[in-house]
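These are the residues of each chain, in order.
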Amino acid sequence: MAAPVVFSAQSDLLMPWYKKLHWQIIIGLVLGLIYGVIAASAGWGQFTSDWIAPFGTIFLNLLQLIAVPLILASLIVGVASLGDLEQLSRIGGKTLGIYVVTTTIALVLGLVLVNTLQPGKTVPQEMRAQLEQTYQGDIEESEEIAKQAEGRGPLQPLVNMVPSNFFDSASDNSNMLQVVFVAIFFGIGLLLLPEEDSEPLLTLFESLFELIIKAVEMIMLMAPVGVFGLLAEAITSIAAGSPADLASLLGALGFYCATVVIGLGIMVFAVYPMFMSLFTDISVREYFLAISPAQLVAFSTSSSGATLPVTMEVSEKNLGVSEEVSSFVLPLGATINMDGTALYQAVSAVFIAQVLGIGLAFTQQLNIVLIAVLASIGTAAVPSAGIVMLVVILESIGVPSAGLALILGVDRPLDMLRTTNNVTGDTMVASVVATTENQLKFPTDGASVATADVQGSVREEPVG
Ligand code: ASP
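This is a predicted model, so every value here is computed, not measured.

S.K.: Let's hear about the packing of helix α16 (residues 339–355) against helix α18 (residues 385–396): which residues, and what values?
M.R.: Taken N-terminus to C-terminus, the directions of α16 and α18 make an angle of 50 degrees; their axes are 10 Å apart at the nearest point. In terms of their interaxial angle, α16 and α18 are classed as oblique. Crossing angle aside, the handedness with which α16 passes α18 is right-handed. Of the residues in α18, those touching α16 at Thr-341, Tyr-344, Gln-345, Ser-348, Ala-349 and Ile-352 are Gly-386, Ile-387, Met-389, Leu-390, Ile-393 and Leu-394. For the contact of α16 with α18, the residue count by class is 8 nonpolar, 4 polar and no charged.

S.K.: Residue-level account of helix α17 (residues 362–378), with values.
M.R.: Helix length check: α17 (17 residues) gives 24 Å between terminal C-alpha atoms against 24 Å at 1.5 Å per residue, within 8%. Maximum bend of α17: about 25 degrees, positioned at Ala-372. All buried positions along α17 are accounted for by Gln-365, Ile-368, Val-369, Ile-371, Ala-372, Val-373, Ala-375 and Ser-376.

S.K.: Tell me about the site of the ligand, residues and numbers included.
M.R.: Close to the ligand lie 15 residues; Ser-304, Thr-341, Gly-386, Asp-415 and Arg-418 are nearest. Separating an oxygen atom of the ligand from a side-chain N or O atom of Thr-341 is a distance of 2.6 Å. Here an oxygen atom of the ligand and a side-chain polar atom of Asn-422 are 2.8 Å apart. Within the complex, 100% of the 270 Å² of free accessible area of the ligand lies under protein. For the shell around the ligand, the elements supplying multiple residues, two or more each, are α18 and α20 (411–436). When residues of the shell around the ligand are assigned to their parent elements, the largest contribution, 4 residues, is made by α20. Among the residues making up the shell around the ligand, the classes are represented as 5 nonpolar, 8 polar and 2 charged.

S.K.: Provide a residue-level description of α16, including the pertinent values.
M.R.: Spanning 17 residues, α16 covers 24 Å between terminal C-alpha atoms, matching the ideal 24 Å at 1.5 Å per step. Looking one or two residues past α16, Gly-357 carries a phi angle of roughly 70 degrees, positive in sign.

S.K.: Would you mind going over the nonpolar core in detail, with residue names and values included?
M.R.: Within the largest apolar cluster, 126 residues are counted, with the highest numbers of intra-cluster contacts made by Phe-59, Met-220, Tyr-256, Phe-351, Ile-368, Ile-407 and Met-428. Excluding residues that lie within four positions of it along the chain, Phe-59 makes contacts with Ile-219, Met-220, Met-222, Ala-223, Gly-226, Val-227, Leu-230, Val-297 and Thr-301.

S.K.: Go over a nonpolar patch on the surface, please, and point to the residues and values.
M.R.: Taken together, the side chains of Trp-17, Tyr-18, Trp-23, Ile-27, Val-30, Leu-31, Leu-33, Ile-34, Ile-38, Trp-44, Phe-47 and Trp-51 define a hydrophobic patch exposed on the protein surface, amounting to about 1200 Å² of accessible area. Listing elements by their share of the nonpolar patch, those giving two or more residues are α1 (21–42) and α2 (45–65). With 7 residues, α1 is the largest single contributor of residues to the nonpolar patch. Secondary-structure assignment places Phe-47 in helix α2. Exposure remark for Phe-47: the relative accessible area of 43% places this residue in the partly exposed category.

S.K.: I'd like to hear about the confidence of the model for the protein chain, residue by residue, with values.
M.R.: Taken residue by residue, the protein chain gives an average pLDDT of 82. The fraction at 70 or more is 83%. No element of the protein chain has a lower mean pLDDT than strand β1 (residues 448–452), at 32, and none a higher one than α20, at 95. Considering only residues more than four positions removed or in separate chains, one finds that residues 1–13, a stretch of pLDDT under 50, has 39 contacts. Below a pLDDT of 50 lies the segment residues 443–464, which in the model reaches 63 contacts outside its immediate sequence neighbourhood of four places, other chains included.

S.K.: Give a description of unusual backbone geometry that names residues and reports values.
M.R.: Despite not being glycine, Ser-302 has its phi angle at roughly 55 degrees, a positive value. Within the secondary structure, Ser-302 sits in the loop between α13 (284–301) and α14 (304–319).

S.K.: I'd like to hear about the packing of helix α10 (residues 195–220) against α14, residue by residue, with values.
M.R.: Running from amino to carboxyl end, α10 crosses α14 at an angle of 100 degrees, the nearest separation of the two axes being 10 Å. In terms of axis orientation, α10 runs roughly perpendicular to α14. Of α14, the residues touching α10 (which contributes Phe-209, Ile-213, Val-216, Glu-217 and Met-220) are Pro-309, Val-310, Met-312, Glu-313, Glu-316 and Lys-317. Looking at the contact of α10 with α14, its residues break down into 7 nonpolar, no polar and 4 charged.

S.K.: Give a description of the pattern of salt bridges that names residues and reports values.
M.R.: Considering all chains together, one arrives at 7 salt bridges under this definition. Across the pair Arg-418 and Asp-411 runs a salt bridge whose closest N-O atoms are separated by 3.0 Å. Pair check on accessibility: Arg-418 and Asp-411 agree, each one buried. Residues joined by salt bridges that share partners form a network here, namely Lys-214, Glu-217, Glu-313 and Lys-317.

S.K.: So, the packing of aromatic side chains: which residues are in play, and what are the values?
M.R.: If you walk through the whole model with that rule in mind, you get 9 aromatic pairs. When the ring of Phe-166 is compared with that of Phe-167, the centres are 5.7 Å apart and the planes differ by 70 degrees; the resulting orientation is edge-to-face. Residue Phe-167 is classed as exposed on the basis of its relative accessible area, which comes to 66%. Centroid distance Phe-185 to Phe-186: 5.9 Å. Interplanar angle 35 degrees. Geometry classified as tilted. For Phe-186, a relative accessible area of 46% translates into the label partly exposed. An aromatic cluster of at least three residues, connected via ring pairs, comprises Tyr-35, Trp-44 and Phe-228. A cation sits over an aromatic face here: Arg-418 above Tyr-344, 3.9 Å from the ring centre.

Reading the values: the criteria
Residues numbered from 1 in each chain as written. Predicted model: local features only at pLDDT ≥ 70, side-chain atom pairs only at ≥ 80, totals over all residues. Heavy atoms only, no water. Axes fitted to C-alpha atoms, helices over the stretch in contact; angles between N-to-C directions. Helix = DSSP H or I, 4+ residues; strand = E, 2+ residues; numbered from the N terminus. Parallel < 35°, antiparallel > 145°, perpendicular 65-115°, else oblique. Left-handed = near helix turned anticlockwise from the far one by under 90°. Contact = heavy atoms within 4.5 Å. Nonpolar A, V, L, I, M, F, W, Y, C, P; charged D, E, K, R; others polar. Expected span 1.5 Å × (residues − 1). Bend = angle between axes of the 7 residues up to and from the residue. Buried < 20%, exposed > 50% of the residue type's maximum accessible area, 1.4 Å probe, protein only. Near = heavy atom within 4 Å. Polar contact = N/O pair within 3.5 Å; in protein donor to acceptor, adjacent residues only side chain to side chain. Areas by Shrake-Rupley, 256 points an atom, 1.4 Å probe, with all protein chains shown as cover. Core = buried A, V, L, I, M, F, W, Y, C linked by side-chain atoms within 4.5 Å. Patch = residues over 30% accessible without salt bridge, like charges linked within 9 Å, V, L, I, M, F, W, Y side chains within 5 Å. Salt bridge = Lys/Arg side-chain N within 4 Å of Asp/Glu carboxyl O. pLDDT = per-residue confidence, 0-100. Phe/Tyr/Trp six-rings, centres within 6.5 Å; stacked < 30°, edge-to-face > 60°. Lys NZ or Arg CZ within 6 Å of the ring centre and 35° of its normal.

Okay, structure coming up:
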């Protein structure tokens with residue numbers, strides 16, 4: 001594997017803090033936030049979208065540009081290098097098993113919180129009517145997309161996963177599930193071919209994979225500026241023109257947002273660390289330090305697909321997950337493992353029902369768990385995808401999807417947070433699978449020498 005340029009440097013140990021990537025991203029993020037608030041109240045909307053936002057868009061485009069080739073190359077190489085079908089089904093089974101378990105935990109947690117805190121009881125009647133009127137157009141659009149996604153029969157989601165033309169799938173970043181299918185399918189094919197036949201293609205994909213990793217390092221050089229642009233634009237457009245409206249909206253929906261945030265907080269700061277402590281030797285502090293660049297990029301881009309290159313980079317270089325595990329678990333995780341989205345969907349569905357005065361029986365809530373596990377798998381790893389799938393959940397439990405109006409205004413900040421949760425969950429699963437497969441390269445015990453990780457913090461590497 002190519003020598004890391006941006007993410008690790010032994011000489012980083014003595015580097016001043018402000019030169020370290022994660023601090024630079026945090027600075028970009030905070031400055032973007034401050035700028036956004038000032039720009040919104042000073043009416044600099046046009047200036048921001050003309051001169052500031054493009055840097056965020058370029059950063060996001062660059063990340064998205066490499067998402068499809070990355071998934072394709074890493075999964076094909078990942079599957080083919082597993083050696084045999086037995087290993088593939090063992091690692092695959094383990095990965096899918098943990099994904100389903102954590103997504104179910106997230107859903108149950110969301111349901112417990114929303115039923116206990118009852119945030120729907122706090123929204124005043126006039127606010128409901130006003131919101132419904134404001135967001136009518138957006139709701140119709142989401143309903144239309146959801147209707148198309150719903151398809152005709154119960155097996156439609158399965159059919160949708162298998163493309164009839166690969167170039168169609170590869171030309172749309174929201175079709176990642178199809179790209180994942182093609183990559184796994186061809187990877188298995190390569191696994192079954194005699195070595196002399198598979199060798200040339202494998203070498204090609206390995207080389208493509210190395211190229212993408214190098215591209216990530218180059219793209220991350222502009223991360224602080226990109227994050228600044230994305231945040232500045234997001235804040236300015238959320239608060240566009242009328243900060244007073246935003247304040248009253250946040251006031252009314254504050255309890256709902258708090259319920260989602262508490263749930264996501266429990267997942268990120270309690271559930272995942274618990275899995276890390278139970279199954280790996282990586283300390284919680286070390287874990288968060290290692291993955292922070294991926295979390296910050298997830299927060300700024302609202303897309304686990306766009307964050308995938310960074311997620312893979314930090315998992316391999318900072319957590320020590322082997323390339324074999326990371327190139328299989330992470331592209332799969334970015335596409336189908338969305339705990340934050342599932343939790344958000346459970347809270348939102350019950351919240352909307354509470355506001356509209358619709359009582360949901362226990363069986364209906366159980367239904368939410370089943371549908372939301374599937375919905376989070378089908379949710380594309382792009383901004384706002386979770387809210388489209390929410391329409392499907394609402395329809396299937398008999399809650400009018402017009403209720404979406406209530407939460408559309410605060411979707412963006414929640415999207416940023418749930419994407420951060422999604423990405424954190426993926427890194428946890430990669431670490432656990434790598435540990436159980438004996439493929440975590442940096443155990444923290446035993447004889448060791450100090451090396452610098454991405455943040456320049458010290459972590460231990462076994463001697464010899
Ligand atoms: N933006 C989320 C992601 O990419 C999906 C969602 O909207 O919940 O992970």
